[in-house]
Amino acid sequence: MFKLYTDAATKGNPGPSSAGILIVAAQKQYQFSQQLPPSSNHEAEFNAAIAGWKKLAEFAQPAETILFFSDSRIVMDSLAKKYSKSYPQQLQQLLTLQETFPLVINRWIPEKENKGAHTLATQGLHKLK
């Protein structure tokens, strides 16, 4: 089982953006910051989730169970409904990445429980200056 945590940080709306990606598996943590295209906060959250799933694919085998955590309600609500009025392309890309795995559990968490990914996203944003 793998746990994936993602978060985005933006400066401006839209503006420079960064993703924080935390992968937890077998009592090990893998931490990544990744620059994202300049975007709004919501778009950056989708892009961070996509970046996280792409990074996860480098670690997890297709038979793995994945627990995905994000503090972005728009991302998690869109995944639950399989619909997004404003970000249909990003949602479709995210759904396609998730289909690689037989069991994916998407769970919204409050920001205070997503500090690892949040810190990585913020650190990545500061490196963009």
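Above this text you will find the structure in question.
Throughout what follows, the structure given in this document is the object of discussion. (Residues numbered from 1 in each chain as written. Predicted model: local features only at pLDDT ≥ 70, side-chain atom pairs only at ≥ 80, totals over all residues. Heavy atoms only, no water.)

Assigned secondary structure in the chain consists of four helices and five strands. Going residue by residue from the N terminus, the α and β elements of the chain occur as β-β-β-α-β-α-α-β-α. Radius of gyration (C-alpha) of the chain: 13 Å, near the 14 Å computed for a compact globule of 129 residues. Projected onto the principal axes, the alpha-carbon positions of the chain cover approximately 40 × 35 × 25 Å. Here the chain holds 129 residues, and 45% of them are scored as buried. (Helix = DSSP H or I, 4+ residues; strand = E, 2+ residues; numbered from the N terminus. Rg over C-alpha atoms; globule rule 2.2 N^0.38 Å. Buried < 20%, exposed > 50% of the residue type's maximum accessible area, 1.4 Å probe, protein only.)

A few words on the pairing of strand β4 (residues 65–70). Most of β4 sits out of view: five of its six residues are buried. Both strand β1 (residues 2–10) and β4 contribute to a ladder of five bridges, which runs parallel. Among the inter-strand pairings, Phe 2 is bridged to a residue of β4, identified as Ile 66. One ladder, built from six bridges, connects β4 with strand β5 (residues 103–108); its direction is parallel. Its bridge partner lying in β5, Phe 68 is registered against Asn 106. (Pairing = 2+ DSSP bridges.)

Turning to the nonpolar core, a few remarks are in order. If you look at the biggest cluster of nonpolar residues, it comprises 22 residues, and the most contacted ones within it are Trp 53, Leu 56, Phe 68, Leu 79 and Leu 94. Listed by contribution, the elements that provide at least two residues to this core are β1, β2 (15–25), α1 (41–56), β4, α2 (73–81) and α3 (88–98). Sort the elements by how many residues they give to this core and α1 lands first, with six residues. Each residue touching Phe 68, except ones within four places of it in the same chain, is listed here: Leu 4, Thr 6, Ala 49, Trp 53, Val 75, Met 76, Leu 79, Gln 98, Ile 105, Asn 106 and Arg 107. Grouped together as the second largest cluster of nonpolar side chains are seven residues, Tyr 5, Leu 67, Phe 69 and Leu 120 included. (Core = buried A, V, L, I, M, F, W, Y, C linked by side-chain atoms within 4.5 Å. Contact = heavy atoms within 4.5 Å.)

Take it as geometry only, folks, not as evidence of what the structure does.
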